[in-house]
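Observations on the model geometry
The chain contents come next:
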Amino acid sequence: MAKTWILVFVLYVCTFSALFAQPNCRDVNLSVNEMGQANFSLSDLVSDLGGVAEGTVTFETPSGEVVFGPTTAVVGDFLSFPACAYLDGSLTARVQNSSGSCWSIVSFKKIFGPVIRGRTYNVYCFDPLIKKPQDAGPDLLFSCDRTLGGVKYVADWITDIPCESPAQDTAKIVYREWEKVDKDGLRGVGFDTIYVFNLPEITANNFYCEDRDTIYCSATQELKGPFFTFPETPGQASPCDTIFLLQYALDQNKKLSVTNTKFEDKCGLASKVEVVRFHDDDCEEQYKITLDLKHECFGLPQTTCIVSPSAGTGRNTAELIAPGYWRCTSWLINYDTVPPEIHCKYPLLFTGEFAPLRWVSDVEGNGSIDLSWAPYNVKLIGNNNGAENLETNYCRTVSRDTVINFVWEYRSQGSAPSTDPFGFTHNGSFFQLTDGSGDLNQTAHKIIELKAGDTFCFSQRSSDGLLGAATTTIKPLTIVSTSTNECAAHAYLP
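Residues numbered from 1 in each chain as written. Predicted model: local features only at pLDDT ≥ 70, side-chain atom pairs only at ≥ 80, totals over all residues. Heavy atoms only, no water.

Under the counting rule described, the total for this entry stands at 28 aromatic pairs. Pairing Phe81 with Tyr86 gives two aromatic rings, centres 5.7 Å apart and planes at 20°, and the pair type is stacked. Among the aromatic residues, those joined into a cluster by ring pairs are Phe350, Phe354, Trp359, Tyr394, Phe406, Phe424, Phe431, Phe456 and Phe458. Seen from the ring of Phe430, Arg461 lies directly overhead, with NZ or CZ sitting 3.9 Å from the centre. (Phe/Tyr/Trp six-rings, centres within 6.5 Å; stacked < 30°, edge-to-face > 60°. Lys NZ or Arg CZ within 6 Å of the ring centre and 35° of its normal.)

Encoded structure:
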């Protein structure tokens, strides 16, 4: 009988507890992450929910303003609250469900210092970024402190990659460390990762050596010399870049000085130049220039940035001596005068219906239109920035039926005429005048009939943007006068 009464009493107590159970809240100090968020669940706020599986959570300020919720969740749910504004204070948390409600105090603590967003770069061995930072550093991610300012450079940690095979793309990896200490003394660090690439292998398709060149009055700024091409950014096909291998200048005696371009040791490029003067008189100087180039550690060959013609073909006299070892032998003539350049005062081409003010320039890339001799002639200069299929156009929509009668003089600095064609565009259709398989210098005469309302353009195009800009001068048919160039040879015109 006694056992029966004990069982009844236990059941009564349990039933009474279940009937009057309610959520049991507890004070908590929540961590704030690097994004300014406090992540928590119901189990952080209550020890139990009074026998119910869910609860509704609300955060309030001391003044009663609700800043979070009401949000209903079960024990395993993940909740997040933007807590930056409350790091120095506390909030009242209320948990409510069908069994009742409870209150507790929630405070917040910052556990992360400033978070620095590291960056990744792919560069070649000669890039100045390798030696030192080129900007103020990466961005900060920690959102709770808007007054942190910039980051501070700490050090570079370098992993060298030995050149163990003839073709190896990566030369080294630079881990650049940055730091920032916030007002609470918490330090954050981040790393930029700089992958340093070897230059692609130099092949017959991207090495160019002009067999001969001519300058006038020691105008060394016009010289290009031997060069090779490669993609501007490692791992990408275009745009293309160019490295010229010789530097030209005049010494203190006004004689030509030729030096080889210097490279960082890590690039694996070494060169030697030999200059022999063969002829020197009052009118001209002749030089034989021999460049030896050795590429010891290089990346895989590239196939998008190519020269025309390839090494060993036509005027490209570059010679492969051994694997990774190239030689360029070229001749340079320096004349002490420029040939007389002739301009006429009459007839004028760009006058009346074709006056310069009536034309519109449409130039892409780094091309240009030279109007310094207008109205006698106009010069179109094509693009040479490595971008493909760009145009230099000089356009006019005529107001009456007319005829344009002109001579064009075309010159390519090294690229084949097929890649830098000149012609005219008539009502949107392009008509090529240059011979794509012809010489680098071409000239001809053209007469075109135009109807009122027709749009006509002189068009200098470039399909590759490499090896120097092509230029075309448009002139009238008759030319009779002398040059004003101070270095020009004197001429007598009766």
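From this point, the narrative continues.
Our focus in this paragraph is the side chain of Asn97. Checked against the element boundaries, Asn97 lands in strand β8 (residues 90-97). According to the relative accessible area criterion, Asn97 is buried, its value standing at 14%. Here the side chain of Asn97 touches Leu49 through a polar contact of 2.9 Å, landing on its backbone oxygen. A distance of 2.7 Å separates the side chain of Asn97 from the side chain of Ser99, its partner in a polar contact. Sequence-distant contacts of Asn97, defined by excluding residues within four places in its chain, comprise Pro23, Leu49, Val52, Glu54 and Gly55. (Helix = DSSP H or I, 4+ residues; strand = E, 2+ residues; numbered from the N terminus. Buried < 20%, exposed > 50% of the residue type's maximum accessible area, 1.4 Å probe, protein only. Polar contact = N/O pair within 3.5 Å; in protein donor to acceptor, adjacent residues only side chain to side chain. Contact = heavy atoms within 4.5 Å.)

Within the structure shown, the criterion is met by 6 disulfides. Here Cys163 engages in a disulfide with Cys297; their sulfurs sit 2.0 Å apart. Where Cys163 bonds to Cys297 through sulfur, the torsion about that S-S bond is close to 105°, and the disulfide is right-handed. Pair noted here: Cys163 is in the loop between β11 (152-160) and β12 (170-181) and Cys297 is in the loop between β21 (284-295) and β22 (319-322), with a separation of 134 residues, a long-range link. (Disulfide = S-S within 2.5 Å.)

With that settled, the discussion passes to a nonpolar patch on the surface. Taken together, the side chains of Trp157, Tyr175, Val189 and Phe191 make up a nonpolar region of the molecular surface, amounting to roughly 370 Å² of accessible area. Note on placement: Trp157 falls in strand β11. Using a relative accessible area of 49% as the deciding quantity, one classes Trp157 as partly exposed. (Patch = residues over 30% accessible without salt bridge, like charges linked within 9 Å, V, L, I, M, F, W, Y side chains within 5 Å. Areas by Shrake-Rupley, 256 points an atom, 1.4 Å probe, with all protein chains shown as cover. Salt bridge = Lys/Arg side-chain N within 4 Å of Asp/Glu carboxyl O.)

The next point concerns the side chain of Arg396. Inspection of the secondary structure puts Arg396 in strand β27 (residues 390-397). Taking relative accessible area as the criterion, Arg396 reaches 9% and is therefore assigned buried. Of note is the side chain of Arg396, whose polar atom sits 2.7 Å from the side chain of Glu353. Those residues within four positions of Arg396 in sequence are excluded, and the remaining contacts are Glu353, Arg358, Trp359, Asp454, Thr455 and Phe456.

Turning next to the pattern of salt bridges. Summed over the entire model, instances satisfying the criterion amount to 15 salt bridges. The residue Asp211 makes a salt bridge to Arg212 at a minimum N-O spacing of 2.6 Å. Residue classification places Arg212 among the partly exposed positions, given a relative accessible area of 46%. Overlapping salt bridges, with partners in common, bring together Glu210, Asp211, Arg212 and Arg315 in one network.

Turning to the environment of Ser47, a few remarks are in order. If you trace the backbone, Ser47 turns up in strand β4 (residues 46-48). Residue class for Ser47 comes out partly exposed when judged on its relative accessible area of 43%. Considered as a pair, Ser47 and Pro23 are 24 residues apart in the sequence and their alpha carbons are 7.7 Å apart. For Ser47, the residues in contact, after removing those within four places along its chain, are Asn24 and Arg26. A polar atom in the side chain of Ser47 sits 2.8 Å from the side chain of Asn24.

This paragraph deals with the nonpolar core. Buried together is how nonpolar side chains tend to be arranged in soluble globular proteins. Grouped together as the largest cluster of nonpolar side chains are 36 residues, with contacts concentrated most on Val196, Leu199, Phe207, Phe228 and Leu245. Where this core is concerned, the elements lending two or more residues are β10 (120-124), β12, β13 (187-197), β16 (227-231), β18 (246-250), β19 (256-260), β21 and β23 (325-335). Residue contributions to this core peak at 4 residues, all from β21. Ignoring any residue separated from it by four or fewer positions in sequence, one finds Leu199 in contact with Tyr124, Cys125, Phe126, Phe228, Phe230, Ile243, Leu269, His295, Phe298 and Gly299. If you look at the next biggest cluster of nonpolar residues, it comprises 24 residues, including Val32, Phe40, Leu79 and Phe108. (Core = buried A, V, L, I, M, F, W, Y, C linked by side-chain atoms within 4.5 Å.)

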